[in-house]
Amino acid sequence: EAGVAQSPRYKIIEKRQSVAFWCNPISGHATLYWYQQILGQGPKLLIQFQNNGVVDDSQLPKDRFSAERLKGVDSTLKIQPAKLEDSAVYLCASSTDSNQPQHFGDGTRLSIL
Amino acid sequence: AQSVSQHNHHVILSEAASLELGCNYSYGGTVNLFWYVQYPGQHLQLLLKYFSGDPLVKGIKGFEAEFIKSKFSFNLRKPSVQWSDTAEYFCAVNQISSGSARQLTFGSGTQLTVLP
């Protein structure tokens, strides 16, 4: 079974620039998650999708972060404009449904200069 | 808001030593509990999970964890560690509300280094 695919693996941008991350979940997984993992901390949920609908975005900084999963498969997470504190690894995960264990991708390491 | 505490930030052991990593959570209701592991250069992988039933759960690679509801704990154990167990270990907790799992909350992780 192919795992969760994420791209790019690394991204370096300057503050106030914009950036986008892409995620392709495991085939058939209806639930998709985006997490932010700051160095020395555990992953923190940003947004959860069930198919193409948002289930939980309570911790998403909506003034600068946005995410979509238009066709219920791939998803993109965007940051605009980026701040220094957004430097982190952005993880995508998927599961068959919200009650099942999540499978994680390799993440995108974002550095803000 | 729910919180998950992992007591040790970094643990260093010699091969064949026994391991116990602590995990406590704050939610008083029904929970699903997980331990995830991240080996160097790899993605997070599920080590074991507890949903219901026997509070002693066995996972991959000889790991086990015990759910003690009265202590809000889910400690990870392994009787004899190997050099290949060097990794970061994360405890994670789902609240269960109206039959559905809510936001998965992670602890801050424990870096385990096993010396050969």
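Rules behind the numbers
- Residues numbered from 1 in each chain as written.
- Chains lettered and ligands numbered in written order.
- Predicted model: local features only at pLDDT ≥ 70, side-chain atom pairs only at ≥ 80, totals over all residues.
- Heavy atoms only, no water.
- Phe/Tyr/Trp six-rings, centres within 6.5 Å; stacked < 30°, edge-to-face > 60°.
- Helix = DSSP H or I, 4+ residues; strand = E, 2+ residues; numbered from the N terminus.
- Buried < 20%, exposed > 50% of the residue type's maximum accessible area, 1.4 Å probe, protein only.
- Contact = heavy atoms within 4.5 Å.
- Buried area = accessible area lost by both parts, 1.4 Å probe.
- Salt bridge = Lys/Arg side-chain N within 4 Å of Asp/Glu carboxyl O.
- Nonpolar A, V, L, I, M, F, W, Y, C, P; charged D, E, K, R; others polar.
- Core = buried A, V, L, I, M, F, W, Y, C linked by side-chain atoms within 4.5 Å.
- Pairing = 2+ DSSP bridges.
- Axes fitted to C-alpha atoms, helices over the stretch in contact; angles between N-to-C directions.

Asks: Hey, could you go over the packing of aromatic side chains for me, with residue numbers and the actual values?
Replies: Summed over the entire model, instances satisfying the criterion amount to 14 aromatic pairs over all chains. Judged by centre distance (6.4 Å) and plane angle (40 degrees), the rings of Phe-65 of chain A and Tyr-90 of chain A are tilted. Residue Phe-65 of chain A is located in strand β7 (residues 65–68), and its partner Tyr-90 of chain A is located in strand β9 (residues 88–95); the two are separated by 25 residues in the primary sequence. A residue is classified by how much of its surface remains accessible, and Phe-65 of chain A, at 3% relative accessible area, is buried. When the ring of Phe-90 of chain B is compared with that of Phe-106 of chain B, the centres are 6.4 Å apart and the planes differ by 80 degrees; the resulting orientation is edge-to-face. With Phe-90 of chain B in strand β10 (residues 87–97) and Phe-106 of chain B in strand β11 (residues 100–106), this pair connects stretches of sequence that are 16 residues apart. For Phe-106 of chain B, a relative accessible area of 8% gives the class buried.

Asks: Describe the interface of chain A and chain B, naming the residues involved and giving the relevant values.
Replies: Accessible area lost during the coming together of the parts is what is often quoted as the interface size. In this complex, chain A contributes 19 residues to the contact, which on the side of chain B involves 20 residues. Here chain A packs against chain B, burying approximately 1500 Å² in sum over the two surfaces, 51% of which is carbon and sulfur. Viewed at the interface, chain B and chain A are joined by zero salt bridges. Here the residues of the side of chain A that touches chain B sort into six nonpolar, 11 polar and two charged.

Asks: Quick rundown of unusual backbone geometry? Include the residues and the values.
Replies: The step from Ser-7 of chain A to Pro-8 of chain A runs through a cis peptide bond, and the omega angle for that step is -10 degrees. Position of Pro-8 of chain A relative to the elements: it lies in the loop between β1 (5–7) and β2 (10–13). Here Gln-80 of chain A and Pro-81 of chain A are connected by a cis peptide whose omega angle stands at -5 degrees. The phi dihedral of Asn-51 of chain A is positive, around 55 degrees, even though this residue is not glycine. Relative to the helices and strands, Asn-51 of chain A resides in the loop between β5 (44–50) and β6 (53–56). Given the relative accessible area of 41%, Asn-51 of chain A is considered partly exposed. Look at Phe-72 of chain B: it is not a glycine, yet its phi comes out positive at around 50 degrees. In this fold, Phe-72 of chain B is placed in the loop between β8 (64–68) and β9 (73–78).

Asks: Quick rundown of the nonpolar core? Include the residues and the values.
Replies: Of all hydrophobic cores here, the largest spans 28 residues; its most connected members are Leu-33, Trp-35, Leu-48, Phe-74, Leu-76 and Tyr-89 of chain B. If we skip the residues at most four places from it in the chain, Phe-74 of chain B touches Cys-23, Leu-33, Phe-34, Trp-35, Leu-48, Tyr-50, Val-57, Ala-65, Glu-66 and Phe-67 of chain B.

Asks: Quick one: what's the story with the sheet that holds β7 of chain A, residue by residue and with numbers?
Replies: Residue and element names in this part refer to chain A. Pairing is antiparallel across the open sheet formed by four strands, whose spatial order is β1-β3-β8-β7. A single partner strand is all that each edge strand has here, and the edge strands are β1 and β7. In this sheet, adjacent strand axes meet at a mean angle of 15 degrees when their direction is disregarded. Strand direction decides the pairing type here: β7 and strand β8 (residues 75–79), joined by four bridges, are antiparallel.

Purely spatial values, then, with no claim about function.
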